[in-house]
Amino acid sequence: MSSSDAPSTLPTTPASAPAGPSFAELGLPEKVVEALAGMKITHPTPVQAAVIPDALAGNDVLGRAKTGSGKTLAFGLPILKRLSGTRSKPKHPRALIIVPTRELATQVRRSLEPLAFAARLKLATVYGGTSYDRQIKQLRAGADIVVATPGRLQDLMDRGQCLTDDIEVTVLDEADHLCDLGFYPAVDALLQQTPAGSQRMLLSATLDGDVDRLVRTHLRDPQLHELDPNAGAVTTMDHHVMVVGGFRDKVDAVTALVEANARSIIFTRTREGATELRDALGERDIEAVDLHGNLSQRVRERNLHKFSSGKARAVVATDVAARGIHVDNVDLVVHFDAPNDAKAYLHRSGRTARAGESGTVVTITTPRQLDEVARLQSRAGVQSRHHDIRTTPRPMTSETLAESGTEAPAVRASGGSGPRNGRPGGRSQGRSQGGYRGQRPTYSERRPRRDRDDRPARTWEDRPARATRDERPESGKPAERRTRPGATRPDGKKARWSADKKRGTGNGARRG
Ligand code: ADP
Ligand code: MG
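Note that the structure is a prediction, hence the values are computed from the model and not measured. (Residues numbered from 1 in each chain as written. Chains lettered and ligands numbered in written order. Predicted model: local features only at pLDDT ≥ 70, side-chain atom pairs only at ≥ 80, totals over all residues. Heavy atoms only, no water.)

**Side note on the overall build of the chain**
Then, in step 1: A tally of helices and strands in the chain yields 18 helices and 15 strands.
Then, in step 2: Buried positions account for 57% of the 512 residues belonging to the chain.
Then, in step 3: Contacts in the chain between residues far apart in sequence, at least 24 positions, make up 76% of those at least 6 positions apart.
Then, in step 4: Counting only carbon and sulfur atoms, one obtains 49% of the accessible surface of the chain, whose full area is about 20,700 Å². (Helix = DSSP H or I, 4+ residues; strand = E, 2+ residues; numbered from the N terminus. Buried < 20%, exposed > 50% of the residue type's maximum accessible area, 1.4 Å probe, protein only. Contact = heavy atoms within 4.5 Å. Areas by Shrake-Rupley, 256 points an atom, 1.4 Å probe, with all protein chains shown as cover.)

This is the structure:
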């Protein structure tokens, strides 16, 4: 759990507005309450106050609350209470917590493990990309609670290493993300295999589409807890757009931003982009780590730890890392490459301003993509201040950003890269696209590699068990290349970085 990595950090936020009962008063095991207190967690957050009593009563629960509101403990604590006092048989866990990504599995484990330990319960984590041996060992040792990604879990069930007869509770955490990643069929099948009368809890930021189908199929009379995103928490997220002349300016902008803010997460579109930006920051003496699907699980965990422990001040990540990862006190989120859509924008941005903290979000864009960014933000329901990197005062702290810049320009139709009104400075960015070429040839001239777009339909490690080892998943929109003849680069060689930016989707299979 990240709170143990960053001891001083937990704001006494929604949690400490003790409107309702304390954890002890909710009837949780004493040892667990003590362990919570050791983590400075004494009063439930609103979502916990709402969900815990209901879950303890054995009801199915449907929860919608924003990220950082404390959902992990909302479903985790009732499970501990329910299971404590008895043990699971080997290979017969009694609770399943299904999550979309390995990172999230690790995170949930970190949050719950010390508490499970206090309740004398065993927790196993099951996800793809790592060896089966340890996971099988844990299951055989009688894991009570299994935190799992769907693909590997199904795989272990198929191998007879994880049996579902004794399952009393199943949780779908981030159900919307599970569905986004194409896990609907897998999750649907997993739920089918759990006992019909067992308790089910589903947490999700949205409750429509496939999530709605899951709810209707698998939840009985669910108690709905929709927490007003703003209730209780005085979270503030400031959004900014930073207009830069070209690619090199983007790196300058990130550098200035990261230097002025203690802890930052920067999002790139591709895996290689993430690694390259990490290196570029390194060249500028900024300790950064990368986080994406090209890295082994071990390296991902090590990098995430470097960041959460404060060794690295920035993490450069692809969207794979955008959901569910909770690191305390992230001051700044930078969209180095614009996200695919409004939803991705919100999820990336949601890495900051968690648990009642405030946070700053900056989207870096070239003039050419400004309209698109503005449209995306308006779809996301976000109001931002616009800045021109040439005139933005330094250091670029959240305060200076809040006090400089202008209100967002009106959304306009896109059309070439010529001068526009309404942008800060009111003029063209003044440099031709080519003006940036050659200054950092090793970096800026690199052609974006669409084939390695790190925006998978699902994390490939967690693909359904039937796929063979060597298969990479298809991108979500494989046919797009053919349908957009205009996307072909004229010379196929000196393509501008920006030329492909708008696409934001991979084509076909990615390479390993
Ligand atoms: P969510 O799943 O809703 O995004 P998490 O469960 O990851 O949120 O919790 C976010 C952060 O809030 C974690 O660092 C967690 O330790 C902390 N937290 C959770 N519950 C409480 C509480 N009752 N009091 C204080 N901090 C809490
Ligand atoms: Mg969560």
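**Let's talk about helix α3 (residues 46-56)**
Then, in step 1: Restricting attention to buried positions, one finds in α3 the residues Val 47, Gln 48, Val 51, Ile 52, Asp 54 and Ala 55.
Then, in step 2: Those residues of α3 that are buried are in contact with β1 (61-64), α4 (71-83), β6 (199-203) and β7 (223-226).
Then, in step 3: Residue Gly 58 follows α3 closely and has a positive phi angle near 90°.

**Remarks on the nonpolar core**
Then, in step 1: Ranked by internal contacts, the top residues of the largest apolar core, which has 43 residues, are Phe 23, Leu 77, Ile 79, Ile 97 and Leu 115.
Then, in step 2: At the level of elements, α2 (30-38), α3, α4, β2 (95-98), α5 (102-118), β4 (145-148), β5 (169-172) and β6 are the ones that each hand at least two residues to this core.
Then, in step 3: With residues near it in sequence (within four places) discarded, Ile 97 still touches Phe 75, Ile 79, Val 108, Leu 112, Ile 145, Val 146, Val 147, Ala 148 and Val 171.
Then, in step 4: Formed by 32 residues, the second largest nonpolar core is a distinct cluster that contains Val 126, Ala 175, Phe 183 and Ala 186. (Core = buried A, V, L, I, M, F, W, Y, C linked by side-chain atoms within 4.5 Å.)

**A short note on the pattern of salt bridges**
Then, in step 1: All told, the structure shown has 16 salt bridges when counted by the stated rule.
Then, in step 2: For the salt bridge of Asp 290 with Arg 278, the shortest nitrogen-to-oxygen distance reads 3.2 Å. With Asp 290 in strand β10 (residues 288-291) and Arg 278 in helix α12 (residues 271-283), this residue pair connects regions lying 12 residues apart in the sequence.
Then, in step 3: Its relative accessible area of 2% is what places Asp 290 among the buried residues. (Salt bridge = Lys/Arg side-chain N within 4 Å of Asp/Glu carboxyl O.)

**Here's the deal with α4**
Then, in step 1: Its 13 residues place the ends of α4 19 Å apart at the C-alpha level, agreeing with the 18 Å of an ideal helix rising 1.5 Å per residue.
Then, in step 2: Where burial is concerned, most of α4 is hidden: 10 out of the 13 residues are buried.
Then, in step 3: Within α4 the residues assigned to the buried category are Lys 71, Leu 73, Ala 74, Phe 75, Gly 76, Leu 77, Pro 78, Ile 79, Leu 80 and Leu 83. (Expected span 1.5 Å × (residues − 1).)

**Description of the sheet that holds strand β8 (residues 236-243)**
Then, in step 1: Strand order across the open sheet formed by 8 strands is β10-β11-β9-β12-β13-β8-β14-β15, with mixed pairing between neighbours. With one partner strand each, in any of the chains shown, β10 and β15 (406-407) form the two edges of the open sheet.
Then, in step 2: Bridge analysis of β8 against strand β14 (residues 384-388) gives 5 bridges, and the strand direction is parallel. Considered in β14, the bridge of His 239 is made with Ser 384. (Pairing = 2+ DSSP bridges.)

**Some details on the packing of α3 against α4**
Between two packed helices, both the angle of their axes relative to each other and the distance between the axes serve to describe the pair.
Then, in step 1: Running from N to C, α3 and α4 point in directions that differ by 25°, and their axes come no closer than 9 Å. Overall, the two elements α3 and α4 adopt an arrangement that is roughly parallel. By crossing handedness, the relation of α3 to α4 is classed as right-handed. Of α4, the residues touching α3 (which contributes Val 47, Gln 48, Val 51, Ile 52, Ala 55 and Leu 56) are Lys 71, Leu 73, Ala 74, Leu 77, Pro 78 and Lys 81.
Then, in step 2: Taken together, the residues that form the contact of α3 with α4 break down as 9 nonpolar, 1 polar and 2 charged. (Axes fitted to C-alpha atoms, helices over the stretch in contact; angles between N-to-C directions. Parallel < 35°, antiparallel > 145°, perpendicular 65-115°, else oblique. Left-handed = near helix turned anticlockwise from the far one by under 90°. Nonpolar A, V, L, I, M, F, W, Y, C, P; charged D, E, K, R; others polar.)

**A look at the packing of aromatic side chains**
Then, in step 1: For the structure on display, the rule yields 1 aromatic pair.
Then, in step 2: Here Phe 247 and Phe 336 contribute two aromatic rings whose centre-to-centre distance is 5.9 Å and whose plane-to-plane angle is 90°, an arrangement assigned as edge-to-face. Separated by 89 residues along the polypeptide, Phe 247 in helix α11 (residues 247-260) and Phe 336 in the loop between β12 (332-335) and α14 (342-349) bring together distant segments of the chain. The pair Phe 247 / Phe 336 is uniform in exposure class, with both members buried.
Then, in step 3: The residue whose ring lies beneath Lys 250 is Phe 336, and the NZ or CZ to ring-centre distance is 4.8 Å.
Then, in step 4: Positioned above the aromatic ring of Phe 307 is the side chain of Arg 263, whose terminal nitrogen or guanidinium carbon lies 4.5 Å from the ring centre. (Phe/Tyr/Trp six-rings, centres within 6.5 Å; stacked < 30°, edge-to-face > 60°. Lys NZ or Arg CZ within 6 Å of the ring centre and 35° of its normal.)

**Topic: the sheet that holds β1**
Strand pairing in a sheet is mediated by backbone hydrogen bonds. Such pairs are either parallel or antiparallel.
Then, in step 1: Strand order in the open sheet made by the 7 strands is β3-β4-β2-β5-β6-β1-β7, with parallel pairing throughout. Bordering the open sheet on either side are β3 (123-126) and β7, each of which pairs with just one other strand. The mean angle between the axes of side-by-side strands here comes to 15°, regardless of whether they run parallel or antiparallel.
Then, in step 2: Where β1 lies against β7, 4 bridges are found, and the strand directions are parallel. Within the sheet, the bridge partner assigned to Arg 64 lies in β7 and is Glu 226.
Then, in step 3: Across the face of the sheet, α5 comes into contact with β2, β3 and β4 while running at roughly 175° to β3.

**What to know about the confidence of the model for the chain**
Then, in step 1: This prediction gives the chain a mean pLDDT of 76; 72% of its residues lie at or above 70.
Then, in step 2: Confidence drops under pLDDT 50 across residues 229-234; counting only partners more than four residues distant or on other chains, this segment forms 5 contacts.
Then, in step 3: In the predicted structure, residues 410-512 sits below a pLDDT of 50 and forms 215 contacts with residues beyond four places in sequence or in another chain. (pLDDT = per-residue confidence, 0-100.)

**A closer look at a positive patch on the surface**
Then, in step 1: On the surface, Lys 31, Arg 87, Arg 120 and Lys 122 cluster together into a patch of positive charge.
Then, in step 2: On the secondary structure map, Lys 31 appears in helix α2. (Patch = residues over 30% accessible without salt bridge, like charges linked within 9 Å, V, L, I, M, F, W, Y side chains within 5 Å. Lys, Arg positive; Asp, Glu negative; His and termini not counted. Charge placed at Lys NZ, Arg CZ, Asp CG, Glu CD.)

**Observations regarding unusual backbone geometry**
Then, in step 1: In this structure, the amide linkage connecting Arg 394 to the following residue, Pro 395, adopts the cis form with an omega of -10°.
Then, in step 2: Unlike most non-glycine residues, Lys 91 shows phi in positive territory, near 65°.
Then, in step 3: Backbone geometry places Asp 285, a non-glycine residue, at a positive phi of 65°.
Then, in step 4: Within the fold, Asp 285 resides in the loop between α12 and β10.
Then, in step 5: A residue is classified by how much of its surface remains accessible, and Asp 285, at 74% relative accessible area, is exposed.

**Overview of the pairing of β8**
Then, in step 1: Both β8 and strand β13 (residues 358-365) contribute to a ladder of 8 bridges, which runs parallel. Within the sheet, the bridge partner assigned to Thr 236 lies in β13 and is Ser 358.

**Side note on the side chain of Ser 349**
Then, in step 1: One can find Ser 349 in helix α14.
Then, in step 2: Relative accessible area serves as the criterion here: at 0%, Ser 349 is assigned to the buried category.
Then, in step 3: For Ser 349, the side chain forms a polar contact with the side chain of His 335, separated by 3.1 Å.
Then, in step 4: Not counting the four nearest positions on each side in its chain, Ser 349 is found in contact with Met 237, His 239, Val 333, His 335 and Val 361. (Polar contact = N/O pair within 3.5 Å; in protein donor to acceptor, adjacent residues only side chain to side chain.)

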